[in-house]
Every structure is written in C-alpha cells, then in structure tokens.
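Listed below are the residues making up each chain.
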Amino acid sequence: MSDVPHKHPAWPETSRSCGWGVHALSRRNVVLAGLAIASAPLLRYLPAHAAVEDVTEVAPGVFVHQGRYEVQSEANGGDIANASFVVGSEAVAVIDTSGSAKLGAELRNTIRAVTDKPIKYVINTHMHPDHVFGNAAFKQDNPEFVGHYKLARALGTRKESYLVANEQMIGAEAFAGSEIILPTLGIKEPTKLDLGDRELLLEPQPTAHTDNDLIVTDLKTNTLFLGDLLFSVHVPTIDGSIKGWLGVLDEMGQRKAARVVPGHGPKTMKLPEALEPEQRYLSAIADDVRRQIAEGKTLQQATKSAGFSEKDAWKLFDQYHVRNVTAAYAELEWE
Amino acid sequence: MTQAFNKLSRTICGVVLAASIGALTTAPAHAEKDVWPILREQAFGDRPITEEDGTVVLETPQKVEDAAIVPITVRIPPHVKDKVKSLSIFIDKNPDPKVATLTFGPAAGSGGERSFATRVRVDNFSHARAVLELEDGSLHMATKFLSAAGGCAAMQAKDPDADTAGMGKTIVRTFPPALSSNPIWSGQVMIKHPNHNGMQLDINTAKFIPARYVKEVTVERDGELVFKLDSTFSISTNPNFRFTFAKGDNNELDVSVVDTDGEKFNGSSKPQGGS
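Everything numeric in this text was worked out from a predicted model, so none of it was measured.

Conventions and cut-offs
Residues numbered from 1 in each chain as written. Chains lettered and ligands numbered in written order. Predicted model: local features only at pLDDT ≥ 70, side-chain atom pairs only at ≥ 80, totals over all residues. Contact = placed C-beta atoms within 7 Å. Helix = DSSP H or I, 4+ residues; strand = E, 2+ residues; numbered from the N terminus. Nonpolar A, V, L, I, M, F, W, Y, C, P; charged D, E, K, R; others polar. Pairing = 2+ DSSP bridges. Buried ≥ 20, exposed ≤ 12 C-beta atoms within 10 Å, placed from the backbone. Core = buried A, V, L, I, M, F, W, Y, C linked by C-beta atoms within 7 Å. Domains from an automatic or database assignment.

**Section: the interface of chain B and chain A**
Listed as interface residues are 27 residues of chain B and, on the opposing side, 27 residues of chain A. Contributing elements (two or more residues each) for the side of chain B that touches chain A: α1 (2–22), β3 (70–76) and β6 (114–120) of chain B. Per element, the largest residue contribution to the side of chain B that touches chain A is 3 residues, and it comes from α1(B). Of the residues contributing to the side of chain B that touches chain A, the split by class is 12 nonpolar, 7 polar and 8 charged.

This is the structure:
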C-alpha cells in the first residue's frame, strides 16, 4: 500500500482496516461488531469500557489504539493512553501497553487477530502507569522489554506508589494481574531493532516529559511514536524538565516524518504543526513563571496565575495545570 | 528475587513509619491510629496547647497537586505582638512526622506580620500542624488536613541526576518591604540538595540510597540570629525557605547549612541582590 498523504488521520478510518487478510478492528468495525452483538448477544464479549481492541492501521503494518482524554477511573479501566504495535515479516513490536494487565491482554488479543508472528519486543516510551501496566500480559511471549536506560531506575523507585495509586483509581478487579516489569534492554544510544524487513529506530531523549523518554521510529513508514513527548487535546503533564522538553520539541520540529503518534491525542498527527499547541502551552508557563520569579513572587502565587491563558485550550487542565506550574517553578527558580 | 524485591518494596513505608514511632508504641505499621497524641507528648510533654486561637495561621493548598512539593505557609498575624520562641511543623502521617523546628533569635522581629514558608513532601492523607511557642512559653496550634496520597515514591525526584549535580549551592535573597517604615523584612534561602529520604531503592544494587538531607539551617542578620532550623527529609528536594526578620542596620543575611553527612554549605545576601 502506498503511503498517500492525507489530512490526518493519515489512514482514513473508513479504509479497509488491514492489509493482512485478518481481523483488526477499526473504529467502524467495532461499531459493526456492536450491531452484531445487538442481534446475536452471544457472538462475542465486549467489556463495558471497550476497548483496546479498537485499533486502526494508520500505515501498513502500523496499528494504533487511541486512549480516552480522561484520568484513570473505574469507568475507563485505565484506557487513557495510546498504545501501538508494528508488524514486521518476522516479529511484532508493541509500543506502550496501556494501563492494566487486562487492557494489555486485550491489546495482545488484537495483535493475535492481526498476525501470529512472535511478539519479540515490548517497548515503553516512558515510565508512566498508563503506558506500562499492560506489560504483564506479554510475559507469556518472553519478549525483550525495552526502554530508555533510565526507565528501570524510574520504575524501580516508583513501583510501590504506582501499584497502590492505580489500583485505587481503576479498582482491584480491573487492575488484577498488573505489575511493574522492569526493562530487559535499556537504550542509551540510538539503537535499531529488526522486525524482519522493517527496522525500528529507538532514540533516548534528554530529560523532558520525564527523565526516560524514548522516541521510536518505524523507518519503513517514517512513523514516529513520540509517547508523551506529544500531547494533543489532553493537557501536557510535566514530570521531568520544562526546559528540557521545550528543547526536545525544538529539535523535533526540524524532523520530517510521514506521521507522528502522540501518547495522548489522535492516532496520528503531522509535523511540525502537531507540536505547536504544546509548545505554546509550555512556553506560556515558562514565560509567566520566569517573570514571577524575577518579581519575587512565591510558588503559591505562581500556581494561581501562571499559564492560565491556556485554560480553555485543553482537556483536563484543572487536573494537571497547577502541578505543571509547581514543577516549572521548582525547576526555573534555579536558572 | 523479583518476588522478594516486590515484598521488600511494598513494606518500606510501613517499616519506616513503624520505626519512627516504634519506641513509643507497638501500633501496627498501617494502623489508622491517631499518632498526634504521641508526637505531641514527645515534643511538648503535658504542656497545654491552645488550638486555632488566631495566634498562628497555617496555609496549605486546597488540593495537593504534587505530593513531592507542597507549599505551606505559617503566618503570625500582625495583631500578635509577642516575640516568638519556636515554631514546630508536623505532618502526622509522614514517615518522619516532624518536618521542621525553628528556634528564633533576637533578629526574628516583631511589630508586623511574621511568616515562614517552605515546601514539604506529603506521604499520605494527613493532618499538618504548626505549633508556635511565644516568649511567655505559651503554645498555639493551627491544623490543616492535607488530601494527598503520594506513597513514599511520590518523594522521588523527577530528574535524580540533575538534582545531585551542583549539590550545596545556596542562594540567599533579601526582599525589602514595600514601606520603608515596616520593621519586618523578608528573605529567602534556596539550597540545592536532593534531600534523600533513605527509602529509595537503587535497583542496580538492590540497596537503599542512604538518607542524606539538610538537617540544620542557621540564618543570621548582621551577625544576630534570626532562627536556627532543624529539619528532616519531609522537606522537599532543594529545600526552600521564605521567612521574615527584624530590620537591622545593614540587613545582610548569612546562612549556614549542615546536612546529615556533616557537610557544610554557606550563602549570604545583601539587600540589593543575591549572593
């Protein structure tokens, strides 16, 4: 299939969902499945918060599931981040596994509906629970678990709080079986993984969204998986360095890509315009906070005003913005 | 091995909490028990404490957004004319509930609003308390409830490598009041220090990263003591203090810092700029 330039999504949802003669489900197919269920209730099971089974082939052999623009809850079962997989001629790589072992298992079922090739790599773009707790579902495949070389430390030290907090948020039943799996392969230098007739390029980033962000590029289709270096619609969250993040975005804006897959946002977006809202948001915080520090304002004062011009531009602003300002202030006061 | 690691990690919070109050009670680690009576007795014996009488005001965020950096401010409203002797800050359910104790000196000042602000780590839903001791020895307490549940790991640094770089850098600032007649000035101390809590596993060695935190901060104005602060790892990474002091002749601040490894750091400030 040629990679025809479209307005995003790069691969229209109404296209055939898959070129592999199998049954990956596009959003449209899920709707059809839903109708089928209505007429034949025993046909198949769809969980209430369905579902990571909803994936779209955004480029040949590249599948993306879009998470919801929500905070983890019992209602969404932790399905809030995008999760993807790439199919080569010999192997499959998963890129982020969603927020629970159950969702990971759904993703795995979806992969198995697309291909029976071995799942050789499970890559996490960074440490956050909504991207890693599905890893447990892939243990049976005995893959390499791959991440930035600082991912292991980050997960190791946060394990306890991630387990407790996420079980609380999505409920014990939905969270059952979830565990922190430390990477078996840490990436320190740009590294290629071979899936058979297609290679993934893994590039560890300096501290930005977190201190363990990894960019994954499918070289065959020039698709960039940016993890949470890119948020769209969902307000960005700073858990690393606002300065570092703005720097990474500057560098990313120079790149050419057929499409990028954000960690939170639509399935695919285009460079460089995909980056603009996030750059604007982070810059607004950095500018306001720097000015207030120079004026002798306190952290508490900054959290009441900095970056509030962005309030209407994002979902979940009220949940994360003050925290972002706090992080930015604590960093920028040392400039 | 992994199993053992799991169990170890899951019990850390409990063990440390139990250890910190273990000398006084046999309460189980995760008890919902009110620890304040114990803390209170430990710090103040049976001295009476007047609660919420307006002598001291504790300001905390309505909602804790980042449990690793929770800004708190203690204010002594201007109607309180007495000199102050000490200020103790507690967070009941933290692994070390005693956050900081300030012992005030002659340059602490009076005759205007006095305040002290810092940023703390909050391990759990907990009461935070500020107990002020006036010159006459009376104790006054303000209490707020913090709705934060971070878990020990909420105390983890965002970028541990960056936090360790440049350790000990101490910045001191002086902020003259808007009105030159105001006898109370304010200042700030920022200390670059990871304030390791000793509860963080280094997964490469499977050992705990040793606790290392700022334990003593002494602030002088023109050679006179403003306060001496004894602190714990309940203070956030890169400890940050805003405080008031009595206007002096030169208003030069000298700050000395000691951490738990015995290392000393210094900083100073003149009214027209940082050090």
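**Overview of the pairing of strand β8 (residues 139–146) of chain B**
All names here are of chain B. Judged from the 3 bridges that link them, strand β1 (residues 49–51) and β8 form a sheet pairing that is parallel. Residue pairing for β8: Glu 51 is matched across the bridge by Met 141. Bridging between strand β7 (residues 126–134) and β8 involves 8 bridges; their strand directions are antiparallel. Within β8, the position partnered with Arg 129 by the bridge is Thr 143.

**Considerations on unusual backbone geometry**
Cis peptide bonds are those with omega within 30 degrees of zero, and the linkage from Leu271(A) to Pro272(A) qualifies with -5 degrees. Relative to the helices and strands, Pro272(A) resides in the loop between β12 (259–264) and α7 (276–294). Residues other than glycine seldom take positive phi values, yet Asn222(A) does so here, at roughly 50 degrees. Within the secondary structure layout, Asn222(A) lies in the loop between β10 (214–218) and β11 (223–231). Judged by local crowding, Asn222(A) falls into the partly exposed class, with 15 C-beta atoms found within 10 Å. A positive phi angle, close to 50 degrees, is found at Asp222(B), a residue other than glycine. Of note, Asp222(B) is situated in the loop between β13 (214–221) and β14 (224–231). Exposure remark for Asp222(B): the 15 C-beta atoms within 10 Å place this residue in the partly exposed category.

**Quick word on the nonpolar core**
In this structure, Phe85(A), Ala93(A), Val94(A) and Ala130(B) are the most contacted members of the largest nonpolar core, which totals 139 residues. Counting residues per element, this core draws most heavily on helix α9 (residues 317–332) of chain A, at 7 residues. Each of two domains, domain 1 (27–271) and domain 2 (274–335) of chain A, supplies a minimum of three residues to this core. Setting aside residues no more than four positions away along its own chain, Ala130(B) makes contact with Val56(B), Leu58(B), Val74(B), Leu87(B), Ile89(B), Met141(B) and Ala142(B).

**Focus: the domain arrangement of chain A**
It is common to give the size of an interface as the accessible area lost on bringing the parts into contact. Residue and element names in this part refer to chain A. Considered domain by domain, chain A is made up of domain 1 (27–271) and domain 2 (274–335). Once you take the C-alpha centre of each, domain 1 and domain 2 turn out to be 27 Å apart. Where the side of domain 1 that touches domain 2 is concerned, the elements lending two or more residues are β11 and α6 (242–253). With 7 residues, α6 is the largest single contributor of residues to the side of domain 1 that touches domain 2. For the side of domain 1 that touches domain 2, the class distribution of residues is 16 nonpolar, 5 polar and 2 charged.

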